[in-house]
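What the coordinates show
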Amino acid sequence: MARRRKVYEGKAKVLFEGPEPGTLVQYFKDDATAFNNEKQGIITGKGVLNNRISEYIMTRLSEIGVPTHFVRRLNMREQLIREVEIIPIEVIVRNVAAGSITKRLGITEGTPLPRSIVEYCYKSDDLSDPLVTEEHITCFGWASPSELDEVMSLALRINDFLYGLFIGVGIRLVDFKCEFGRLYQNDDVRIVLADEISPDSCRLWDIESNEKLDKDRFRRDLGGVAEAYQEVARRLGILPEGGPRDLKGPAIMQ
Ligand code: TMP
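Residues numbered from 1 in each chain as written. Predicted model: local features only at pLDDT ≥ 70, side-chain atom pairs only at ≥ 80, totals over all residues. Heavy atoms only, no water.

1. Side note on the confidence of the model for the protein
- When the pLDDT values of the protein are averaged, the result is 94; 94% of them are 70 or greater.
- Within the model, pLDDT remains below 50 along residues 249-254, and this stretch shows 18 contacts once partners closer than five positions in the same chain are excluded. (pLDDT = per-residue confidence, 0-100. Contact = heavy atoms within 4.5 Å.)

2. Some remarks on the site of the ligand
- As a structural note, the neighbourhood of the ligand is formed by 15 residues, with R94, S100, D175, K177 and R203 the closest of them.
- One of the side-chain N or O atoms of S100 is found 2.6 Å from an oxygen atom in the ligand.
- Within the backbone of S201, one N or O atom sits 3.5 Å away from an oxygen atom of the ligand.
- Notes on the ligand: free accessible area 450 Å², of which the protein chains cover 78%.
- Every element with two or more residues in the shell around the ligand is listed here: β9 (89-96), β12 (171-185) and β14 (202-206).
- Along the lines of polarity and charge, the residues of the shell around the ligand split into 4 nonpolar, 3 polar and 8 charged. (Near = heavy atom within 4 Å. Polar contact = N/O pair within 3.5 Å; in protein donor to acceptor, adjacent residues only side chain to side chain. Areas by Shrake-Rupley, 256 points an atom, 1.4 Å probe, with all protein chains shown as cover. Helix = DSSP H or I, 4+ residues; strand = E, 2+ residues; numbered from the N terminus. Nonpolar A, V, L, I, M, F, W, Y, C, P; charged D, E, K, R; others polar.)

3. Some thoughts on a negative patch on the surface
- Negative charge collects at one region of the surface, where E134, E135, D149 and E150 lie side by side.
- For the negative patch, the secondary-structure elements that each account for two or more residues are α3 (134-139) and α4 (145-167).
- Structurally, E150 can be placed in helix α4.
- Among the residues examined, E150 registers a relative accessible area of 34% and is labelled partly exposed. (Patch = residues over 30% accessible without salt bridge, like charges linked within 9 Å, V, L, I, M, F, W, Y side chains within 5 Å. Salt bridge = Lys/Arg side-chain N within 4 Å of Asp/Glu carboxyl O. Lys, Arg positive; Asp, Glu negative; His and termini not counted. Charge placed at Lys NZ, Arg CZ, Asp CG, Glu CD. Buried < 20%, exposed > 50% of the residue type's maximum accessible area, 1.4 Å probe, protein only.)

4. Examining the sheet that holds strand β2 (residues 13-17)
- With antiparallel pairing, 5 strands are arranged side by side in an open sheet as β1-β2-β3-β7-β6. Looking along the sheet, the strands with just one partner apiece sit at the ends: β1 (6-9) and β6 (70-73). Going from strand to strand, the sheet's axes swing by 25 degrees on average, the running direction of each strand aside.
- One ladder, built from 5 bridges, connects β2 with strand β3 (residues 23-28); its direction is antiparallel. Bridge pairing in β3 links F16 to V25.
- Packed onto the sheet, helix α1 (residues 46-63) meets β3, β6 and β7 (78-82) and runs at close to 130 degrees relative to β6. (Pairing = 2+ DSSP bridges. Axes fitted to C-alpha atoms, helices over the stretch in contact; angles between N-to-C directions.)

5. Here we look at the packing of aromatic side chains
- Considering all chains together, one arrives at 2 aromatic pairs under this definition.
- Look at Y122 and W142: their rings are 3.9 Å apart centre to centre, the planes differ by 15 degrees, and that puts the pair in the stacked class. Of the two residues, Y122 sits in strand β10 (residues 112-122) while W142 sits in the loop between α3 and α4, which places them 20 residues apart along the sequence.
- We classify W142 as buried; its relative accessible area is 17%.
- Joined through ring pairs, the aromatic side chains of Y122, F140 and W142 make up one cluster.
- Over the ring of F218 we find K39, and its NZ or CZ is 5.1 Å from the ring centre. (Phe/Tyr/Trp six-rings, centres within 6.5 Å; stacked < 30°, edge-to-face > 60°. Lys NZ or Arg CZ within 6 Å of the ring centre and 35° of its normal.)

6. Notes on the side chain of D30
- Within the secondary structure, D30 sits in the loop between β3 and β4 (31-34).
- With relative accessibility at 13%, the residue D30 sits in the buried group.
- At 3.1 Å, the side chain of D30 and the backbone nitrogen of G45 are in polar contact.
- For D30, the residues in contact, after removing those within four places along its chain, are G41, I42, I43, T44, G45, K46, G47, V48 and R77.

7. Quick look at the packing of α1 against α4
- For the pair α1 and α4, the least separation of the axes is 11 Å and the interaxial angle reads 120 degrees. Compared by their axis directions, α1 and α4 come out oblique. Both α1 and α4 take part in a crossing whose hand is right-handed. The residues of α4 that touch α1, namely those facing Y56, I57, R60 and L61, are I158, F161, L162, L165 and F166.
- Tallied by class, residues from the contact of α1 with α4 come to 8 nonpolar, no polar and 1 charged. (Parallel < 35°, antiparallel > 145°, perpendicular 65-115°, else oblique. Left-handed = near helix turned anticlockwise from the far one by under 90°.)

8. As for the pairing of β3
- The buried count for β3 comes to 6 of 6 residues, which makes it a mostly enclosed element.
- Side chains of β3 alternate between two faces, with T23, V25 and Y27 and L24, Q26 and F28 buried alike.
- Taking the residues between adjacent antiparallel strands as the criterion, β2 and β3 are bridged by 5 residues, where G22 takes a positive phi near 85 degrees.
- As defined by bridge partners, β3 adjoins β7 across 5 bridges and the pair is classed as antiparallel. Within the sheet, the bridge partner assigned to Y27 lies in β7 and is E78.

Printed below as a string of structure tokens:
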């Protein structure tokens, strides 16, 4: 059987050519990295859980009118997506101080922010994704001013919706990272949510105990990483059919 053509391989996902022009297959790996690839590991079952969690979140978001690249889940580790031109910016929205902002500004982890903050990082492994301002983004043409307005307003809508969704299952959405792409359709270009939204790209704390249910467990060697991702899926009501036994999933497709 002919193997599909690999279009791109990142740290946690692989993109393959899709069945129709303008589509791609996004494959979720169990590989985890942190601190710009300095730390590497495997979280068994992560790919299966992130595929399912990201499907769930993208589907809920599209129901409230947020355009996304997601088309449908294909199997345990793969989803069909629309091919987009990725805007090379990581958009971070923060509700509570954690991670890099605590170090950069000397704020204690866990401090609620007076209002949600949007930050931008330029996607460059060589430069370790530096924090940039809107000025850099528009000056260097990574996105136009109107695209950036759209990105910021979508990111804040996503935050408002996900904050409530997670509160409903006893989880505080501390912060998250999202990416956007340009979807070219006929003569039209639209900005859509791309990549993934999962415990790899969010900080999720149990509302009562503040227990971390996200990739910080891997970053900080706290243990129980897969169990934490599973707990997020369980609370969202989407543990993969068959439960944890199925989590290893097919090692490779085709
Ligand atoms: P930070 O506190 O390290 O800047 O991270 C903010 C949020 O963005 C956190 O939820 C983790 C997520 N994130 C990614 O998904 N990918 C990255 O490369 C980085 C640096 C952060």
